[in-house]
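# Overview (structure and organization)
Below are the chains, spelled out letter by letter.
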Amino acid sequence: MNILVINCGSSSLKYQLLDMETKNPVAKGLVERIGMVGSVLTHRPANGEKEIITAEIPNHDVAIQMVLDALVNSEYGVVKDLSEIGAVGHRVVHGGEKFASSVLVTDEVVKGIEDCIELAPLHNPPNVAGIKACQKLMPGVPEVVVFDTAFHQTMPAHAYLYGIPYELYEKYKIRKYGFHGTSHKYVSQRAAAMLNRPIEDLKLISCHLGNGSSIAAIKGGESIETSMGFTPLEGLTMGTRCGDLDPSIVSFIMRKENLTTDGVDNFMNKQCGVLGLSGVSSDFRDIEGAADEGNKRAQLALDVFAHDVKKYIGSYAAVLDGADAIIFTAGLGENSASMRENIVKGLSYLGAEIDPEKNKVRGEEIDIATADSNCRVLVIPTNEELMIAMETYDIVNQG
Ligand code: ADP
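All values derive from a computational prediction rather than experimental measurement.

## Some remarks on the environment of Ser282
On the secondary structure map, Ser282 appears in the loop between helix H9 (273-278) and helix H10 (284-292). Along the sequence, Ser282 and Leu30 sit 252 residues apart, while their C-alpha atoms lie 22 Å from each other. Beyond its immediate sequence surroundings of up to four residues, Ser282 is in contact with Asn211, Gly239, Thr240, Val274, Leu275 and Ile287.

## Some words on the site of the ligand
In the neighbourhood of the ligand, 14 residues make up the surrounding shell, with Asn211, Asp283, Phe284, Arg285 and Gly331 lying closest. Arg285 places a main-chain nitrogen or oxygen 3.1 Å from an oxygen atom of the ligand. Protein coverage of the free-state accessible area of the ligand, which is 570 Å², stands at 70%. Listed by contribution, the elements that provide at least two residues to the shell around the ligand are H10 and helix H12 (330-335). Counting residues per element, the shell around the ligand draws most heavily on H12, at four residues.

## With respect to the nonpolar core
With 40 residues, the main nonpolar core has Ile205, Cys207, Leu209, Val309, Ile313 and Ile326 as its most contacted residues. Elements with a minimum of two residues in this core: strand S9 (203-209), strand S10 (213-219), H10, helix H11 (296-320), strand S12 (325-329), helix H13 (337-344) and strand S14 (376-379). Considering every element that reaches this core, the biggest residue donor is H11, with eleven residues. Aside from chain neighbours lying at most four places away, what touches Val309 is Cys207, Leu209, Ile215, Leu236 and Ile343. The next biggest cluster of nonpolar side chains, apart from the first, holds 28 residues, and it includes Val146, Leu195, Ala325 and Met387.

## Side note on the domain arrangement of the chain
Assigned domains within the chain: domain 1 (2-147) and domain 2 (197-384). For domain 1 and domain 2, the distance between their C-alpha centroids amounts to 29 Å.

## A closer look at the packing of H11 against H13
H13 packs onto H11 with a crossing angle of 50° between their chain directions and a minimal axis gap of 8 Å. Compared by their axis directions, H11 and H13 come out oblique. Note that H11 runs across H13; the crossing there is right-handed. Residue-level inspection shows Leu302, Phe305, Ala306, Val309, Lys310 and Ile313 of H11 in contact with H13, the latter providing Met339, Asn342 and Ile343. Considering only residue class, the contact of H11 with H13 consists of seven nonpolar, one polar and one charged.

## With respect to the packing of H10 against H11
For any two helices packed against each other, the geometry is given by the interaxial angle and the distance between the axes. It is at 7 Å that the axes of H10 and H11 come closest, and there the two elements cross at 125°. Judged on the interaxial angle alone, H11 and H10 are oblique. As for how H10 packs across H11, the hand of that crossing is left-handed. Touching Phe284, Ile287, Glu288, Ala290 and Ala291 of H10 are Ala298, Gln299, Ala301, Leu302 and Phe305, all from H11. Classifying every residue of the contact of H10 with H11 by side-chain character gives eight nonpolar, one polar and one charged.

## A few points about the environment of Glu32
Residue position: Glu32 is located in strand S3 (residues 24-32). For Glu32, a relative accessible area of 33% translates into the label partly exposed. Placed 298 residues apart in sequence, Glu32 and Ala330 show a C-alpha to C-alpha distance of 22 Å. In contact with Glu32, not counting residues within four places along its chain, are Ser11, Ser39, Val40 and Thr42.

## A look at the pattern of salt bridges
Any two side chains of opposite charge can pair if their charged atoms end up close together. Tallied over the entire structure, the rule returns 15 salt bridges. Between Arg190 and Glu365 there is a salt bridge, with the nearest N and O atoms lying 2.8 Å from each other. With Arg190 in helix H6 (residues 181-195) and Glu365 in the loop between H13 and strand S13 (366-367), this pair connects stretches of sequence that are 175 residues apart. Residue classification places Arg190 among the partly exposed positions, given a relative accessible area of 28%. Note that Arg197 and Asp324 form a salt bridge whose closest N and O atoms lie 3.6 Å from each other. Here Arg197 is found in the loop between H6 and S9, whereas its partner Asp324 is found in the loop between H11 and S12, with 127 residues between them in sequence. Residue Arg197 is classed as partly exposed on the basis of its relative accessible area, which comes to 36%. Beyond isolated ion pairs, a larger network of salt bridges with shared partners links Glu97, Lys173 and Arg175.

## Digging into the sheet that holds strand S6 (residues 85-92)
Strand-to-strand pairing in sheets goes through backbone hydrogen bonds, with the strands running parallel or antiparallel. The mixed open sheet is built from eight strands, whose spatial order is S5-S4-S3-S2-S1-S6-S8-S7. One side of each edge strand has no neighbouring strand; the edge strands of this open sheet are strand S5 (51-54) and strand S7 (103-104). The pairing of strand S2 (residues 13-19) with S3 spans seven bridges and is antiparallel. Across the sheet, the residue bridging to Lys14 is Leu30, located in S3.

Cut-offs applied
- Residues numbered from 1 in each chain as written.
- Predicted model: local features only at pLDDT ≥ 70, side-chain atom pairs only at ≥ 80, totals over all residues.
- Heavy atoms only, no water.
- Helix = DSSP H or I, 4+ residues; strand = E, 2+ residues; numbered from the N terminus.
- Contact = heavy atoms within 4.5 Å.
- Near = heavy atom within 4 Å.
- Polar contact = N/O pair within 3.5 Å; in protein donor to acceptor, adjacent residues only side chain to side chain.
- Areas by Shrake-Rupley, 256 points an atom, 1.4 Å probe, with all protein chains shown as cover.
- Core = buried A, V, L, I, M, F, W, Y, C linked by side-chain atoms within 4.5 Å.
- Buried < 20%, exposed > 50% of the residue type's maximum accessible area, 1.4 Å probe, protein only.
- Domains from an automatic or database assignment.
- Axes fitted to C-alpha atoms, helices over the stretch in contact; angles between N-to-C directions.
- Parallel < 35°, antiparallel > 145°, perpendicular 65-115°, else oblique.
- Left-handed = near helix turned anticlockwise from the far one by under 90°.
- Nonpolar A, V, L, I, M, F, W, Y, C, P; charged D, E, K, R; others polar.
- Salt bridge = Lys/Arg side-chain N within 4 Å of Asp/Glu carboxyl O.
- Pairing = 2+ DSSP bridges.

Right under this line is the structure:
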């Protein structure tokens, strides 16, 4: 069975068509600038040249129609007709407390996702637009939604509640939700396979370090703590997000810089993090490059980030009462040997030590801990699309 995985943003759409026998993508692609001037679809068949198609793409209906046309195109398509697509899996950012797992799309489910719009005003509306477009263009093809938040719904109340009046949790659902759940779930399952141990027996600390970063404490395959919160702003210092702050800083900056609520929101999400600290870039490759050339603020930004990650690993080791493995994943976690080294350096109390030679390996699943490390250190390339496809496959084939 082929499964089409769709990840709709407000002005972009990423897709992959996966063959569930081989678990490999047959094609992938990206639509950019939806609803803007200069819209473009970049389509990459697994066994062929990439195709760039420019057209007016005013909305998600048109974007998805173009994706479907590209998939069946006689020159660069990968299937003969749409009947070869067995199901669609959609990434949805926020499932609130309603959705603790992936589900088959029904009218009630769409309504449930719409009810969560208040919690993710930028993300859930385009996700819903993608679902509705597929319903229209591929009638009868089952669709499944996979939520970024669902994996963390196993967190106990003492982990997800903030120190604010309980009535505000009841009234506005203000609590920790956590994000990157699909990635944390995928790498934790891969970790169990790599360690050749049942996931039920494992205590794992999963570090998804990319442009957005989060850490999860995973016990017996379930998330029991994570660093992102009510929104993805909480936790680690990120590419452009500030992460944890003394909450008083928010009102202080608003007064000093004369910022509105939207202004301070934008500031904390777009102008802070390692971008704000380094003054160089939000991209860790640029920051590492600048630090190598002697830029002190760039080095400081890297040090702040590594220190943050180390603090979270320590606190999650406490929450888990030890850890069998620390997992590194996503752009930075998978690729930056120096960042991994800085983070793990000094975690001897946990029994984690990196083998410098193994730490150099890139692009594959590898245990980079020394032979006598009590806590393993795993580098696992994440694959959220495959995880979405696998969940979609399981749900579609259940009934
Ligand atoms: P997101 O999905 O959140 O946009 P990614 O998981 O793609 O993020 O990670 C992007 C980040 O990973 C960027 O900051 C990028 O600089 C960093 N990154 C990618 N490759 C490397 C590398 N070789 N060395 C250091 N950082 C890297």
